[in-house]
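# Coordinate inspection notes
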Amino acid sequence: QVQLVESGGGSVQAGGSLRLSCAASGYGSGYAYSNYCMAWFRQAPGKEREAVASIDFAGEITYYVDSVKGRFTISRDNAKNTLYLQLNSLKPEDTAMYYCAKYSRPWRCNSARSDYNAWGQGTQVTVSS
């Protein structure tokens, strides 16, 4: 069973930066980490969980929600089974629990929450003004 463990969250002032990491394990003898699209989602209190960014299995195609374009960067290291999210120029509205997620099928990718079937426990990002 795939396990995803996020780290790197914290409290920063507006304009600051954080780097989130997500370590993946438990892929077994079938498809590997490097075969799956991965994504970061976030959920603020009282709001729906939204896709922040996704990256295809090869790390070549990325998607960002409009509100983070130019500020956040998603990347992956397939040799280390690790997903990253660099958060720059943080704003108070970025405050949320951030989750990494694994796409349900190899090779394909989109940002629909229902198409992801493994989730981490989340890491909290708090941005003060």
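Each value, and the rule that gives it
- Residues numbered from 1 in each chain as written.
- Predicted model: local features only at pLDDT ≥ 70, side-chain atom pairs only at ≥ 80, totals over all residues.
- Heavy atoms only, no water.
- Salt bridge = Lys/Arg side-chain N within 4 Å of Asp/Glu carboxyl O.
- Helix = DSSP H or I, 4+ residues; strand = E, 2+ residues; numbered from the N terminus.
- Buried < 20%, exposed > 50% of the residue type's maximum accessible area, 1.4 Å probe, protein only.
- Disulfide = S-S within 2.5 Å.
- Pairing = 2+ DSSP bridges.
- Axes fitted to C-alpha atoms, helices over the stretch in contact; angles between N-to-C directions.
- Phe/Tyr/Trp six-rings, centres within 6.5 Å; stacked < 30°, edge-to-face > 60°.
- Lys NZ or Arg CZ within 6 Å of the ring centre and 35° of its normal.

Bringing the pattern of salt bridges into the picture now. Considering all chains together, one arrives at 5 salt bridges under this definition. The partner of D94 in a salt bridge is R71, with the nearest N and O atoms 2.7 Å apart. With D94 in the loop between β8 (82-87) and β9 (96-103) and R71 in the loop between β6 (62-64) and β7 (72-77), this pair connects stretches of sequence that are 23 residues apart. For the pair shown, D94 and R71 are each scored as buried. One network of salt bridges, in which partners are shared, links R42, E50, R71 and D94.

On to the state of the cysteines. In the structure shown here, the tally under the stated rule is 2 disulfides. Here C37 pairs with C109 through a disulfide, and the sulfurs are 1.9 Å apart. Residue C37 is found in the loop between β3 (18-25) and β4 (38-43), and its partner C109 is found in the loop between β9 and β10 (116-119); the two are separated by 72 residues along the sequence. Judged by its relative accessible area of 0%, C37 falls in the buried class. We classify C109 as partly exposed; its relative accessible area is 34%. Taken in N- to C-terminal order, the disulfide-linked cysteines of the protein are connected 1-3, 2-4.

Next up on the list: the sheet that holds β8. The strand order across the open sheet formed by 4 strands is β1-β3-β8-β7, and the pairing between neighbours is antiparallel. One side of each edge strand has no neighbouring strand; the edge strands of this open sheet are β1 (3-7) and β7. Going from strand to strand, the sheet's axes swing by 15 degrees on average, the running direction of each strand aside. As paired strands, β7 and β8 are joined by 6 bridges and run antiparallel to one another. Bridging from a neighbouring strand, I74 pairs with L85 of β8.

Moving on, we get to the pairing of β9. Counted residue by residue, β9 has 7 buried out of 8 residues, so it is predominantly covered. Summarising the sheet, β4 and β9 pair through 6 bridges and their orientation is antiparallel. Among the inter-strand pairings, R42 is bridged to a residue of β9, identified as Y98. By the bridge criterion, 3 bridges tie β9 to strand β11 (residues 123-128) in an arrangement that is antiparallel. Its bridge partner being in β11, M97 is matched across the sheet by Q124. Bridge count for β9 against β10 is 3 bridges, and the pairing is antiparallel. Paired with A101 across the strands is W119, a residue of β10.

Turning our eyes to something else, we now look at the packing of aromatic side chains. When we look at a pair of aromatic rings, we describe it by the centre distance and by the angle of the planes. As enumerated under the stated definition, the model contains 9 aromatic pairs in all. Plain terms: the ring middles of F57 and W107 are 5.0 Å apart, the flat faces sit at 85 degrees to each other, and that makes the pair edge-to-face. With F57 in the loop between β5 (50-55) and β6 and W107 in the loop between β9 and β10, this residue pair connects regions lying 50 residues apart in the sequence. A relative accessible area of 26% means that F57 is categorised as partly exposed. Aromatic rings pair up to connect Y27, Y31, Y33, Y36, F57 and W107 into one cluster. Here the guanidinium or amino end of R49 rests over the ring plane of Y99, the centre of that ring lying 3.7 Å away. Lying over the aromatic face of Y36, K102 brings its terminal NZ or CZ to 4.2 Å of the ring centre.

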